[in-house]
Amino acid sequence: MNADLFRATVRKYMELRHIRTISRLAEHTTVSGATMYRYFNDPESIPIGVFLQIMKALNVPNEEKEALIK
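Computed from a predicted structure; not experimentally measured.

1. As for the overall build of the chain
Here's step 1: Each helix and strand in the chain was counted, giving 5 helices and 0 strands.
Here's step 2: For the chain, the C-alpha radius of gyration of 11 Å lies close to 11 Å, the compact-globule estimate for 70 residues.
Here's step 3: In terms of overall dimensions, the chain has a C-alpha envelope of 25 × 25 × 20 Å along the principal axes.
Here's step 4: Residues counted as buried form 36% of the 70 residues belonging to the chain.
Here's step 5: Summarising the internal contacts of the chain: among those between residues at least 6 apart in sequence, 59% fall at separations of at least 24.

2. A closer look at unusual backbone geometry
Here's step 1: Notably, His 18 is not glycine yet its phi reads approximately 60°, a positive angle.
Here's step 2: Unlike most non-glycine residues, Asn 59 shows phi in positive territory, near 55°.

3. Looking at the nonpolar core
Soluble globular proteins tend to bury their nonpolar side chains together.
Here's step 1: Counting 20 residues, the largest nonpolar core has Phe 6, Val 10, Leu 25, Ile 54, Met 55 and Leu 58 as its most contacted members.
Here's step 2: Of all elements in the fold, only helix H1 (3-16), helix H2 (22-26), helix H3 (33-41) and helix H4 (48-58) reach the threshold of two or more residues within this core.
Here's step 3: Looking at this core element by element, the count peaks at 5 residues for H4.
Here's step 4: If we ignore the near neighbours within four places in the chain, the residues touching Ile 54 are Phe 6, Val 10, Leu 25, Thr 29 and Met 36.

Criteria and cut-off values
Within every chain, residues take consecutive numbers counted from 1 along the sequence as written. Given that the model is predicted, a residue must reach a pLDDT of at least 70 before its local features are reported, and side-chain atom pairs must reach 80 or more before they are shown or counted; all residues, however, enter totals for whole chains, interfaces and linings. Hydrogen atoms and water are omitted, and side-chain values are computed over all heavy atoms in the structure. Helix and strand assignments follow DSSP, with helices taken as H or I runs no shorter than four residues and strands as E runs no shorter than two, numbered in order from the N terminus. We compute the radius of gyration over the C-alpha atoms and compare it with the globule rule, which gives 2.2 Å times the number of residues raised to the power 0.38. Accessibility here uses a 1.4 Å probe with only protein chains present; expressed as a share of the type maximum, an area under 20% marks a residue as buried, one over 50% as exposed, and anything in between as partly exposed. Residues count as neighbours in contact if any of their non-hydrogen atoms are within 4.5 Å of one another. Put simply, a nonpolar core is a bunch of buried Ala, Val, Leu, Ile, Met, Phe, Trp, Tyr and Cys residues held in one set by side-chain atoms that sit within 4.5 Å of each other.

See the structure below:
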């Protein structure tokens, strides 16, 4: 996973969904705020289930999800 592309995509959809912080994003998943920050800084360590939770919380289109996984 391209870490820069992941962070850019997450930030883009956070802005579109009016989610201002990583902690607020974590509230939409089952992940704690501290763990979400760790995953945000090291996207390679994100389990696929958490990745999908983040993408669902942000309502990221399938095409962009696929681009992130490649």
